[in-house]
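Here are the chains, one letter per residue:
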Amino acid sequence: MSASPLIIAIDGPAASGKSTVAKRVAAALGIVFVNSGAMYRAFTWWVLENGIDPADTAAVLDLLARTEFTCGEENGVGTIAVGGVPMTRSELASTGVNGAVSPISAIPQVRERLVAEQRRYATDHGVAMEGRDIGSVVFPDTPHKFYIDASPEVREARRRAEGIDDSIAKRDRIDSSRKTSPLVIPDDAVVVDSSEMGVDEVVETVLAAILGRMG
Ligand code: DC
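This text gives an overview of the structure that appears in the document. (Residues numbered from 1 in each chain as written. Predicted model: local features only at pLDDT ≥ 70, side-chain atom pairs only at ≥ 80, totals over all residues. Heavy atoms only, no water.)

Below, the discussion takes up the overall build of the protein. If you tally the helices and strands in the protein, you get ten helices and eight strands. Based on the C-alpha atoms only, the size of the protein along its principal axes is roughly 50 × 45 × 30 Å. Classification of the 215 residues of the protein by burial places 46% in the buried group. Entry remark: accessible area of the protein is about 10200 Å², with carbon and sulfur atoms responsible for 53%. Each charge class in the protein can be summarised by its mean position, and for the 22 positive and 30 negative side chains these summaries are 2 Å apart. (Helix = DSSP H or I, 4+ residues; strand = E, 2+ residues; numbered from the N terminus. Buried < 20%, exposed > 50% of the residue type's maximum accessible area, 1.4 Å probe, protein only. Areas by Shrake-Rupley, 256 points an atom, 1.4 Å probe, with all protein chains shown as cover. Lys, Arg positive; Asp, Glu negative; His and termini not counted. Charge placed at Lys NZ, Arg CZ, Asp CG, Glu CD.)

Dropping the structure here:
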């Protein structure tokens, strides 16, 4: 019997640097980087593309039932297609999606569906998956849990520097206060505050903790 794939869970608030860190950690370990936020963003884009009001939960759920997600991999990075349309950064980071993704991802049935896709993907790929509930809900049994934080000022400045119009404070509020799978720090997570750290240092800290646990 082969060993189960390695699962690294990396959570944190918007623009904490968790994507960059997860991507680098995945490359160092030869596993796939998966941005679970991209899956919530992809479905949000699909809702808007279909002319559905994100506040109309019944219509959103009706669309969800008719929607197929295809999760793949390209050069060590997870890819997603929704309704057969491969997603690129321009769709995923659009202002419309930024504004609607938190309410859409607060709908329990949307989470249930995407969590199932995330677990299925990790049955045959080692993953460094980043998001909000990866250690707390999606993979509670992995010993490799990280919470990457940074001050709100640093996070706002990082998004501005990327030229992205994002309502970080508002998303944080919704993501942390929603009923289903809010953003929390798992009890057994290693917390890294990246406000005053460079990316290299954060990546080294995470890798050292993983390798330490693997013995
Ligand atoms: O990581 P991100 O900022 O691109 O995520 C976009 C939104 O998706 C975020 O505001 C909340 C939601 N999300 C979630 O609810 N659960 C996850 N595991 C990942 C993202």
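With that settled, the discussion passes to the packing of aromatic side chains. Each aromatic ring pair is described using two quantities: the centre-to-centre distance and the angle formed by the ring planes. In this structure the tally under the stated criterion is two aromatic pairs. Seen from their ring centres, Trp 45 and Trp 46 are 6.2 Å apart, and the 25° between their planes marks the pair as stacked. For the pair Trp 45 and Trp 46, a shared accessibility class is recorded, and that class is buried. (Phe/Tyr/Trp six-rings, centres within 6.5 Å; stacked < 30°, edge-to-face > 60°.)

Moving on, we get to the environment of His 144. Relative to the helices and strands, His 144 is located in the loop between helix H7 (134-138) and strand S7 (145-149). According to the relative accessible area criterion, His 144 is buried, its value standing at 6%. Not counting residues up to four positions away in its chain, the partners in contact with His 144 are Leu 6, Ile 7, Ile 8, Ala 9, Ile 210, Arg 213 and Met 214. (Contact = heavy atoms within 4.5 Å.)

This part is about helix H5 (residues 95-105). Since the α-helix turns once every 3.6 residues, residues separated by three or four places project in the same direction. Of the positions making up H5, those classed as buried are Val 97, Asn 98, Ala 100, Val 101, Ser 102, Ile 104 and Ser 105. Among the structural elements, helix H2 (36-49), helix H3 (57-65), helix H4 (89-92), helix H6 (108-121) and helix H9 (168-177) are those in contact with the buried residues of H5.

On to the pairing of strand S3 (residues 69-74). For S3 and strand S4 (residues 77-82), the ladder comprises six bridges, and the chain directions are antiparallel. Paired with Gly 72 across the strands is Thr 79, a residue of S4. Counting the residues that bridge the hairpin from S3 to S4 gives two residues, and of these Asn 75 lies at a positive phi of roughly 50°. (Pairing = 2+ DSSP bridges.)

Summarising burial for S7: four of the five residues are buried, a large majority. Pairing between strand S1 (residues 7-11) and S7: three bridges, direction parallel. Bridging across to S7, Ile 10 finds its partner in Phe 146. One ladder, built from four bridges, connects S7 with strand S8 (residues 190-193); its direction is parallel. Paired with Ile 148 across the strands is Val 192, a residue of S8.

Side-chain pairs of opposite charge can arise where the charged atoms are in close proximity. Throughout the structure, instances matching the rule amount to ten salt bridges. Across the pair Glu 162 and Arg 159 runs a salt bridge, and its minimum N-O distance is 3.4 Å. Between Asp 175 and Arg 178 there is a salt bridge; the shortest N-O distance is 3.9 Å. Neither residue differs from the other here; Asp 175 and Arg 178 are each classed as buried. A network of salt bridges, in which partner residues are shared, links Arg 113, Glu 117 and Arg 120. (Salt bridge = Lys/Arg side-chain N within 4 Å of Asp/Glu carboxyl O.)

On to the nonpolar core. Judged by nonpolar contacts, the single largest core of 35 residues is most densely connected at Phe 43, Val 60 and Val 110. For this core, the leading source of residues is H2, giving eight residues. With residues up to four places along the chain from it excluded, the contact list for Val 110 reads Tyr 40, Phe 43, Val 60, Leu 61, Leu 64 and Ile 104. (Core = buried A, V, L, I, M, F, W, Y, C linked by side-chain atoms within 4.5 Å.)

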